[in-house]
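Chain and residue survey
This is what each chain is made of:
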Amino acid sequence: MVHTWSSLISTLFLLLLCITGLPLIFHHEIDELLGYDPKPEIAQPGAVKRSIDEIARTALANDPGRVLQYILWDKDEPNNIIAFTNSKVDGDPDAATLRAYDANTAKPLGPVGGGPMLIFLKLHVDMFAGQPGKLFLGAMGFLFLIAIVSGVVLYWPFTRRLSFGTLRDKSRRIASFDWHNLLGAVTIAWALVVGATGVINTLAEVMLSQWKATELADMVKPYAGKPPPVHLASLDKTLANARKTAPDMNVSFVAFPGTPFTSSHHFAVFMRGDTPLTSRLLKPVLLDGETGEVSDARDLPVYLKALLVSQPLHFGDYGGMPLKIIWALLDVMTIVVIGSGLYLWVVKRRKHRSHAITAQPSLQPLR
Amino acid sequence: MTAAHNSRSSANWRTVYGGPLLLGVLSIAGLLSALLSAGPGRYFSWLALGAPVVLTAWFFARRKRT
């Protein structure tokens, strides 16, 4: 009963998540192909990196009337610098414009993201329904986890007389039953991890609010009552100070004062390590918006670290192209599990309706 | 569990859950290995997470046709 209902309620949305998730596994490659992932020019020998202040000025000149929210350093393309502009510093994330700039020439390279992959992403993340849509999908993901666990319990009575890997093609129903069991059994750990990390990701905003209300509020206490900065400090100076605080790390992104990732008084420079794991574990350095001096630097709390580590485990983007292909195959296998489960339920219901009391020993739990 | 009982009912937790459990442990190891080590960990993750796919293909190839 638990297995039937937890799956049925979530089936439609799980299919949506699996199907939109499939192209998203390859969003980098698809964006590159469609021209939404600009690449920096080949650096001339002896090229000198432009100052970040110059790139910031160029970005503002490119989008007149807007303000900078974030500047991000592409992890895979160190010469790609991505500037986020918006109508105001705390503007709607969907209204942000992302453009790439060449670190050596400060030339604009083109818009980042957008295009068809953005539609898939929105469908996958919140179905264009904002935070409520996101939390709803999180609940559907939670039902998916319940369905998996209850499936493990049912696996015993249903398959104890069958050897592992049995695939019969006696009828469509028996074939569906065998495929449902086999694919469900072999993908279970992956599906649990991708499902659970997906649920964790739906709570990102909630966790960020919690961090802002507790740790960040504590860090910016000395600034209580002060007006927000009028003239922002030089970005190059600010970044140099941040690098001094975390010398063995690189800058992931800088959040401008007033954006959701920092206080209204501070730049927050988020530093990252350089291994697959530490590159996800960001460390924020808070710097005074007017002077660029370091005010505080603390590791993120456990729940935000968990969120950051859970992201690669959901996206499958941390083991090269072969891992992405395996991710896609496991996703397709999960689609088959969900589809065959739905089919088995429909057939069973039809049988009940027509009062056909034919014995179906092979699909009944064995006692 | 006696031998006589075993022969009468071939089902025990190992025959039912053994295969899936082994693949599950292998999958988790693969998911973590690529995260913890970029070189060998990555290669191991391809093998470990590819195992469910390969095994399914193998079961499909040698299924009994009726």
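It should be emphasised that the depicted structure is a prediction, and the values quoted were computed from it without experimental measurement. (Residues numbered from 1 in each chain as written. Chains lettered and ligands numbered in written order. Predicted model: local features only at pLDDT ≥ 70, side-chain atom pairs only at ≥ 80, totals over all residues.)

**Observations regarding the domain arrangement of chain A**
Rules: Those domain boundaries reflect an automatic or database domain assignment.
As assigned here, chain A comprises domain 1 (2–28 + 119–203 + 318–363), domain 2 (38–112) and domain 3 (204–314). On a C-alpha basis, the centres of domain 1 of chain A and domain 2 of chain A stand 41 Å from each other.

**Quick word on the pairing of strand E8 (residues 294–297) of chain A**
As a reminder of what qualifies: The pairing criterion for strands is at least two bridges between them, as found by DSSP. What counts as a helix is a DSSP run of H or I of at least four residues, what counts as a strand is a run of E of at least two, and both are numbered from the N terminus.
Bridge analysis of strand E7 (residues 283–288) of chain A against E8(A) gives 3 bridges, and the strand direction is antiparallel. Each residue of the ladder has a partner; that of Leu286(A), found in E8(A), is Asp296(A).

**Focus: the packing of helix H10 (residues 320–353) of chain A against helix H3 (residues 40–61) of chain B**
Defined as follows: Geometry is summarised by axes, namely lines fitted to C-alpha atoms with helices restricted to the contacting stretch, and by angles between N-to-C directions that run from 0 to 180 degrees. Any angle between 65 and 115 degrees counts as roughly perpendicular, while under 35 counts as roughly parallel, over 145 as roughly antiparallel, and the rest as oblique. Two helices that cross are described as forming a left-handed crossing if the nearer one is turned anticlockwise from the farther one by less than a right angle, and a right-handed crossing if clockwise. Placing C-beta atoms from the backbone, we regard two residues as in contact once those atoms come within 7 Å. Residues were grouped as follows: Ala, Val, Leu, Ile, Met, Phe, Trp, Tyr, Cys and Pro as nonpolar; Asp, Glu, Lys and Arg as charged; and all remaining residues, including Gly, as polar.
One can describe the packing of H10(A) onto H3(B) by two numbers: an axis separation of 10 Å at closest approach and a directional angle of 30°. On the basis of their axis angle, the class for H10(A) and H3(B) is roughly parallel. Here H10(A) runs over H3(B); the crossing is left-handed. Contacts between H10(A) and H3(B) pair Gly320(A), Pro322(A), Leu323(A), Ile326(A), Leu329(A), Leu330(A) and Met333(A) from the former with Arg42(B), Ser45(B), Trp46(B), Leu49(B), Gly50(B), Pro52(B), Val53(B) and Thr56(B) from the latter. Classifying every residue of the contact of H10(A) with H3(B) by side-chain character gives 10 nonpolar, 4 polar and 1 charged.

**What about the interface of chain B and chain A?**
Chain B puts 27 residues into the contact, and the matching count from chain A is 33 residues. Here the side of chain B that touches chain A is built from residues that sort into 17 nonpolar, 7 polar and 3 charged.

**Some remarks on the environment of Tyr70(A)**
All names here are of chain A. For the record, the criterion: Partly exposed residues are those falling between the two cut-offs: more than 12 but fewer than 20 other C-beta atoms within 10 Å of their own, whereas 20 or more means buried and 12 or fewer means exposed, with C-beta atoms placed from the backbone.
Inspection of the secondary structure assignment puts Tyr70 in strand E1 (residues 67–73). Here Tyr70 falls in the buried class, since 22 other C-beta atoms lie within 10 Å of it. Residues Tyr70 and Phe253, spaced 183 residues apart in sequence, show a C-alpha to C-alpha distance of 6.7 Å. Excluding residues within four positions of it along the chain, Tyr70 makes contact with Phe84, Phe253, Val254, Ala255, Phe256 and Thr259.

**Observations concerning unusual backbone geometry**
All names here are of chain A. With a phi angle near 50°, Met127 is a residue other than glycine that sits in the positive phi range. Its location among the elements puts Met127 in the loop between helix H4 (116–125) and helix H5 (130–159). In this structure Met127 comes out as partly exposed when scored by C-beta crowding, with 17 C-beta atoms within 10 Å.

**A closer look at the sheet that holds E7(A)**
All names here are of chain A. Taken in spatial order, the 8 strands of this open sheet run E4-E3-E2-E1-E5-E6-E7-E8, and their pairing is antiparallel. The sheet terminates laterally at strand E4 (108–111) and E8, the two strands that pair on one side only. Each strand axis lies, on average, 25° off the axis of its neighbour in the sheet, ignoring direction. Pairing analysis gives 3 bridges linking strand E3 (residues 97–102) to E4, with the strands arranged antiparallel. Among the inter-strand pairings, Tyr101 is bridged to a residue of E4, identified as Pro108.

**Remarks on the nonpolar core**
Inside soluble globular proteins, nonpolar side chains tend to come together where they are buried. We apply this condition: Joining buried Ala, Val, Leu, Ile, Met, Phe, Trp, Tyr and Cys residues through C-beta atoms within 7 Å gives a set, and that set is a nonpolar core.
Core analysis: the largest hydrophobic core is formed by 36 residues, its most contacted members being Leu14(A), Phe144(A), Leu183(A), Trp190(A) and Leu49(B). At the level of secondary structure, the elements contributing two or more residues to this core comprise helix H1 (2–25), H5, helix H6 (172–202) and H10 of chain A together with helix H2 (13–36) and H3 of chain B. When residues of this core are assigned to their parent elements, the largest contribution, 10 residues, is made by H6(A). When neighbours within four sequence positions are excluded, Leu49(B) is seen to be in contact with Trp190(A), Leu323(A), Ile326(A), Ser27(B), Gly30(B) and Leu31(B).

**Digging into helix H9 (residues 302–315) of chain A**
Think of an α-helix as 3.6 residues a turn; residues three or four steps apart then line up on the same face. The condition that has to hold: Expected span of a helix, by definition, is 1.5 Å for each gap between consecutive residues, and there is one gap fewer than residues.
When the terminal C-alpha atoms of H9(A) are compared, their 20 Å separation across 14 residues agrees well with the 20 Å that a helix rising 1.5 Å per residue should span. Every buried residue of H9(A) is listed here: Leu307(A), Ser310(A), Pro312(A) and Leu313(A). Those residues of H9(A) hidden inside the fold are in contact with H6 and helix H7 (204–219) of chain A together with H2 of chain B. Note on H9(A): the residue one or two positions beyond its end, Gly316(A), has a positive phi of about 70°.

**Thoughts on the pairing of E3(A)**
All names here are of chain A. Of the pairings in the sheet, the one linking strand E2 (residues 80–86) to E3 comprises 6 bridges and is antiparallel in character. From the neighbouring strand, Ile82 faces E3, where its bridge partner is Ala100. Linking E3 back to E4 in an antiparallel pair, the connection comprises 5 residues, with Ala106 at a positive phi of about 65°.

**Thoughts on the packing of H6(A) against H2(B)**
Look at H6(A) against H2(B): their axes get within 7 Å of each other, and the N-to-C directions meet at 35°. The crossing of H6(A) and H2(B) is right-handed. Residue-level inspection shows Ala185(A), Val186(A), Ile188(A), Ala189(A), Trp190(A) and Val193(A) of H6(A) in contact with H2(B), the latter providing Pro20(B), Leu23(B), Gly24(B), Ser27(B), Ile28(B) and Leu31(B). Each residue belonging to the contact of H6(A) with H2(B) can be placed in one class, and the counts come to 10 nonpolar, 2 polar and no charged.

**Description of the environment of Ala38(B)**
Of note, Ala38(B) is situated in the loop between H2 and H3. By the C-beta count within 10 Å, which is 16 here, Ala38(B) ends up partly exposed. Considered as a pair, Ala38(B) and Leu22(B) are 16 residues apart in the sequence and their alpha carbons are 24 Å apart. Not counting chain neighbours up to four residues away, the residues in contact with Ala38(B) comprise Thr275(A) and Pro276(A).

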